[in-house]
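In case you want the letters, here they are:
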Amino acid sequence: MEYLYHILILISMYGILALAQNLVMGTTGLLTIAGAAFYGIGAYTAAILATKFGFNIFSTLFIAPLAAGLIALMVGESFARFRDDYFMLATLGFLMIFNTVARNWEDFTGGSYGIAGIPKPHIFGFVFDTPLSFMWLSLVIIMIVTTITYFISRSSFGRVLNAIREDEDALSVFGYKTSTYKLLVFAIGAALSSLSGVLFASYLTFIDSNLFTVNESILLWAMVILGGLAKNRGALLGALLLIVIPEGLRFIGFPVEFAALLRQCMYGLLLVFLMLYRPKGILGTYKL
Amino acid sequence: MITWQIFLYIISSGMYFSLMALGFGFTLRSVKFFNLAYGGAFLVGGYMMFFFYRSLSIFFPAALLFSIITSGLYLFLCYIFIFRALLRRKAKSLVLLIASFGVLVATSAILGMIFGNQPTFVPRRLSDVGTVNILGATLNTSEFFLIIFAFIIIVTFSYMRFHTRFGRATRAIEDDSEVAELVGIPKDKTISRIFFISGICAGLGGVVEGLNSGLIPASGLFYMLPTIVAAVVGGMQSFWGGILGAFILVIVQQLTIFFFGASWVQAVPFAILIIMLFVRPEGILKR
């Protein structure tokens, strides 16, 4: 039973990430690979505030999105002018910088030794320290994120985002300042991703600089594209499939490191095959 | 003497990135997407060198030849089985980019499964890493030979590009692949050859890296960013742009080490890229 809770917690954490990734990559068509960076920023914000300054993890659930959103606004200011391949390059560079900082700024991030002893969230004397209670917390947060992304994709803001994906030049002819919209959605995506980072740090109680690399972003790409771009349901389905199926590998009994590489290989090949045979994904309507 | 040493170092690593950017630029100009599978060819070259030279103990030049041919074949097969179908479908460059990223990730994972995730060094024993003394400054043997090899390769490629049939076909495809096809240039054949040549450049880069500082499966992506930056900054449309970009990159990296320390070197390519995309997105040199 505990194992089932664990899987559900993982699914909701990656579901949040996939929804945020879908908002930027599917709805707006900006190929970002910085997902893991904002995930990491959320995790580090929570870990540092909780272990060094004694914050409650619950309050970092509000602080981390602000921090990640602000950082996204600052770096996104320059990214928002790029499109397509260049946007991806710029975000890749940002991810590399994030990894460099996380590894080298040891006083603050603990480098590759990481930060240990991150507490569980508590509110009004209730501590979310059992898998069951943590599962409920994650489910509530993913519900909130789903609602937010649902409303964004239904709103006029969401329609502008869709229009940016389809034809950015045409939209700017109509007087929309597309770079502002791109910047905003990038920041919203970052803020939502950081929520998952907070949950992750608190759930694992330990983070280090090797957890938020480009491999995580690749996993997010695979989830969003497999489920179907520009569909919130698709992102959730992708997260569900790509958490549950690799968990099956655990029962075959490969060594941990080998299993990790095998999963990574799977994600890579999955991306190639999706691009070749079904760029729409399972539920998607929008074809890359 | 310290400046002479730094100068030689800049030459050798500038040549290294020139070679990488040159191979990358070949595919970038002809198929017009950032072919990240290039990083996979880099890894294949390096690890095959490890396999042929250290595991099978083949004579060094033969092992070198085998491994760069393998990495050439690797990119060639990537083109035949993946990119050709996507290009025929006229897929957007984003689709090709994602597919090539998938290839890179899968390749590095497979190599990690075979050779392990720890750093892998090509040299068999310490005496393989000899040094060459040039007027008081020292270089690794591999760096020394890299300078010579890269120079020969650059000269050969520039000759090939501007004076042979294949070079003319390449330039025609870079200019407008559809028109090139209409006037009877064998597009498919030319592009697959371009991928092969590009793979050879990447493989050579991987071999040198394996000899100098060792390879890890993640280093494929790790070396892609500086390579892309060198190719973009110098000017994507120009043959010489990659070389110019490579030297700019290396010089700025050295300045960063001097002023800020070595741990921030990884951030340099990114900073250059951002500045460049703002100031002159088409790169320094035009075609």
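Residues numbered from 1 in each chain as written. Chains lettered and ligands numbered in written order. Predicted model: local features only at pLDDT ≥ 70, side-chain atom pairs only at ≥ 80, totals over all residues.

Visitor: Please provide a residue-by-residue account of the overall build of chain B, values included.
Guide: Within chain B, the regular secondary structure consists of eleven helices and two strands. Counting from the amino terminus, chain B carries its helices and strands in the arrangement α-α-α-α-β-β-α-α-α-α-α-α-α. Its C-alpha atoms give chain B a radius of gyration of 19 Å, within 12% of the compact-globule value 19 Å for 287 residues. Its C-alpha atoms give chain B principal-axis dimensions of about 55 × 45 × 35 Å. The buried share of chain B, reckoned over its 287 residues, is 51%. Sequence separation of at least 24 residues holds for 75% of the intrachain contacts in chain B that already meet a minimum separation of 6. (Helix = DSSP H or I, 4+ residues; strand = E, 2+ residues; numbered from the N terminus. Rg over C-alpha atoms; globule rule 2.2 N^0.38 Å. Buried ≥ 20, exposed ≤ 12 C-beta atoms within 10 Å, placed from the backbone. Contact = placed C-beta atoms within 7 Å.)

Visitor: So, the pairing of strand β2 (residues 137–140) of chain B: which residues are in play, and what are the values?
Guide: All names here are of chain B. Bridge count for strand β1 (residues 131–134) against β2 is four bridges, and the pairing is antiparallel. When the sheet's bridge partners are listed, Val 132 is paired in β2 with Leu 139. Remark: two residues form the turn of the hairpin made by β1 and β2, two consecutive strands paired antiparallel; Leu 135 in that turn has positive phi of roughly 50°. (Pairing = 2+ DSSP bridges.)

Visitor: So, the nonpolar core: which residues are in play, and what are the values?
Guide: Among the nonpolar cores identified, the biggest contains 194 residues, and Ala 222, Met 223 and Leu 271 of chain A are the most heavily contacted of them. If near-sequence neighbours (up to four positions away) are discounted, Leu 271 of chain A is found in contact with Trp 221, Ala 222 and Ile 225 of chain A together with Ile 98, Ala 99, Phe 101 and Gly 102 of chain B. (Core = buried A, V, L, I, M, F, W, Y, C linked by C-beta atoms within 7 Å.)

Visitor: So what's going on with the interface of chain A and chain B? Which residues, and what values?
Guide: A common way to state how big an interface is: give the accessible area lost once the parts meet. Taken together, the 33 residues of chain A in the interface contact 33 residues of chain B. Only α4 (84–104), α10 (214–227) and α12 (256–277) of chain A provide two or more residues apiece to the side of chain A that touches chain B. In terms of residue count, α12 of chain A provides more of the side of chain A that touches chain B than any other element does, 13 residues in total. When its residues are assigned to classes, the side of chain A that touches chain B shows 24 nonpolar, six polar and three charged. (Nonpolar A, V, L, I, M, F, W, Y, C, P; charged D, E, K, R; others polar.)

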